[in-house]
Each structure stands twice: as structure tokens, then as C-alpha cells.
Amino acid sequence: MLARQRQAVILEEVRRTGAVRVSDLVVRLGVSDMTVRRDLDVLASRGLLEKVYGGATTVVVRSTDEPGFEAKSVRQLPEKEAIAARAAGLVRPGTAIGLSAGTTTWTLARFLEDIPDLTVVTNSIRVADVLQQGGRTDRTVVLTGGVRTPSDALVGPVAVQALRSLHLDVVFLGVHGMAERSGFTTPNLNESETDRALVDAAGRVVVLADHTKWGTVGISTIADLDEADVLVTDAGLPEEAVAVLGEQVGELVLAHVPGRGEEELA
């Protein structure tokens, strides 16, 4: 059995029962203790489960939990790079685009350096810093203003008012979570309102979310799944999520993560 297949079995069992034991998985999968532990390490590194003594459990995330920017910036780095690279291909020279706050949109900002004549509107201090450092004279960067959140987003009435009069060709939206019933969500109520204003200003909405965001639900919905014209995620997305999202979003793009295409044999 390939590593990806084993890990899918493990993840499904964790989601079904809430917890698994290494000893039980050794018997079920017919592999060594070390192979099972290696698979658990991979799944834990992707934020899909939590390792405990002798096994693993589901990750418990409260709907109001909001990790800071630094904590999020080191998670799923290869996935974010792959997603950003695909998303950058959707940006055309001479357009006005919006970038919400988030570590994936921050990664995208670094891929925009060679695209000329852009106007970029953002409520992210980090995104604005990246774009300003490029030093392009043909680029206009508009920072909305507002109250700063743990994720370095500027939110609240000032940010919302700044966005209400704008008309953007494309908005790239980073999200905390995505699920079939709750759509695209955030743990911050004020950030939800500001992100909603970005969505309303967009001619086209492109959501950027790695596979670990599936099944995570924040307290507030930014947009329903079918409001995304494009969702750029990565190929680690579970099959059931691919089926749901493929039906709901306008276009589902699965970015390939280098080094993840070939799965090792047990």
C-alpha cells in the first residue's frame, strides 16, 4: 500500500472514531510500528491530526481560535508556494486586484513582482510591505487602514468604508477554513465584515486555501462556497472535499506540490 493510501485510511479512521492507536493501525495496515508512526508524523505536520502517546486524535479547533501571523506563516509552506504560483498566473498586467490578509496571500504578493502596471488594494500590512519593497514605479499599492488583528489584518468600519466605493477586477481571498455547510470562514467577526467588503468589490473572487483548511470552521462566514469563481488549493485535498468543492465553486484548481507526486512504498 502506498504511503498516501495508508495515510488516507488513518485519517478516515481518526475522523470516524476521534482517535486511533498505533498498535491497531499496525494490524489493520499490515506494516511496521515505525511506518505507522512516520505516517502519523506526516499527517500531524499537515495539521490533519494531533499525535498523542500511543496514537493520534482529531485536532480540536475552536471557532474563535485565531493564530498569529508568525504561527501561521510556518505552516504548509510548500503548499502555499504552489498555490501562490498558480494564483499568480490569474493576474493580468494593468488590472486592479485585491489581496486580503493571510499568509497565503502574503506568499502570493511575492509572486507578483514581474507583473507590470498593477493596482493592488489590501487590508494586510504584511502584503503591503512585500509589494512596496519591490520598488516598481508602475505599481500602486492602496492600504485600507483600520484596526489591526492578530493576523496583521486591518479591519473594522474604516477598512469597510474604504472598500465600499472600489471596483476591483479580481480579489484573492485567504480564509481560515472551508466546509460544505459554513462556506469560507474566519475566527474574527470584524475581519469577516472587511473580507465581505472585498468580495463585494470584486468582479471575480479567487479563494486561496491549502488542503488543511477543509473541515475547519471559524465563527463567521465570509462567503458561501458557490461565491468563489476559482478556488486554488493543493492536491492533498481529500477526495470527498474534491467532490463537494468541484460541484460548488466555479473552478477548482489543484496545485501540484513538488516532491509530493511520488508516494513511497511501505
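Reading guide: rules and limits
Residues numbered from 1 in each chain as written. Predicted model: local features only at pLDDT ≥ 70, side-chain atom pairs only at ≥ 80, totals over all residues. Heavy atoms only, no water. Axes fitted to C-alpha atoms, helices over the stretch in contact; angles between N-to-C directions. Helix = DSSP H or I, 4+ residues; strand = E, 2+ residues; numbered from the N terminus. Parallel < 35°, antiparallel > 145°, perpendicular 65-115°, else oblique. Left-handed = near helix turned anticlockwise from the far one by under 90°. Contact = heavy atoms within 4.5 Å. Nonpolar A, V, L, I, M, F, W, Y, C, P; charged D, E, K, R; others polar. Domains from an automatic or database assignment. Buried area = accessible area lost by both parts, 1.4 Å probe. Salt bridge = Lys/Arg side-chain N within 4 Å of Asp/Glu carboxyl O. Pairing = 2+ DSSP bridges. Expected span 1.5 Å × (residues − 1). Buried < 20%, exposed > 50% of the residue type's maximum accessible area, 1.4 Å probe, protein only. UniProt positions renumbered as here; feature names shortened; annotations may be inferred.

1. Quick look at the packing of helix α5 (residues 77–88) against helix α6 (residues 103–110)
Point 1. Where α5 contacts α6, the axes come no closer than 8 Å and their chain directions differ by 55°. Classified by the interaxial angle, the pair formed by α5 and α6 is oblique. Classified by chirality, the crossing of α6 by α5 is right-handed. Two secondary-structure elements touch here, α5 through Lys80, Glu81, Ile83, Ala84, Ala87 and Ala88 and α6 through Thr103, Thr104, Thr107, Leu108 and Arg110.
Point 2. Class assignment of the residues belonging to the contact of α5 with α6 gives a composition of five nonpolar, three polar and three charged.

2. Remarks on the domain arrangement of the chain
Point 1. Assigned domains within the chain: domain 1 (3–60) and domain 2 (70–255).
Point 2. Domain 1 and domain 2 are separated by 31 Å when their C-alpha centres are compared.
Point 3. Facing six residues of domain 1, the contacting portion of domain 2 comprises eight residues.
Point 4. Across the domain 1/domain 2 interface, buried area totals approximately 460 Å², and carbon plus sulfur atoms make up 39% of it.
Point 5. Linking domain 1 with domain 2 are zero salt bridges.

3. As for the sheet that holds strand β5 (residues 119–122)
Consider a sheet: its strands pair through backbone hydrogen bonds, and that pairing is either parallel or antiparallel.
Point 1. The strand order across the open sheet built from seven strands is β6-β5-β4-β9-β12-β14-β15, with neighbouring strands paired in parallel fashion. The open sheet has two free edges, formed respectively by β6 (140–143) and β15 (252–255), since each of these has just one partner strand. Neighbour-to-neighbour, the strand axes of the sheet open up by a mean angle of 20°, direction not taken into account.
Point 2. Here strand β12 (residues 205–208) runs beside strand β14 (residues 230–234); their pairing, made up of three bridges, is parallel. Bridge assignment links Val206 to a residue of β14, and that residue is Val230.
Point 3. Taken strand by strand, α6 contacts β4 (96–99), β9 (170–174) and β12, and its axis lies near 135° from that of β9.
Point 4. Along the sheet face, helix α7 (residues 125–133) touches β4, β5 and β6 and points at about 160° away from the line of β6.

4. A look at the sheet that holds strand β3 (residues 55–57)
Point 1. Taken together, the three strands give an open sheet; going across it, the order is β1-β3-β2, and neighbouring strands pair in antiparallel fashion. Only two strands of the sheet have a single partner each, and these edge strands are β1 (19–21) and β2 (50–52). Across this sheet, the average inter-strand angle for adjacent strands is 25°, counted without regard to direction.
Point 2. Helix α1 (residues 3–17) contacts β1 and β3 of the sheet and is inclined by roughly 125° relative to β1.

5. Structural notes on α5
Point 1. Along its 12 residues, α5 runs 16 Å from first to last C-alpha, staying within 8% of the 16 Å computed at 1.5 Å per residue.
Point 2. Three or more residues of α5 are buried, namely Glu79, Lys80, Ala82, Ile83, Ala84, Ala87 and Ala88.

6. What to know about the UniProt feature "domain: HTH deoR-type" (unreviewed entry) in the chain
Point 1. Those residues carrying the UniProt feature "domain: HTH deoR-type" (unreviewed entry) are residues 3–58 in this numbering.
Point 2. The straight-line gap between the two end C-alpha atoms of residues 3–58 is 20 Å; of that span, 64% is helix and 16% is strand.

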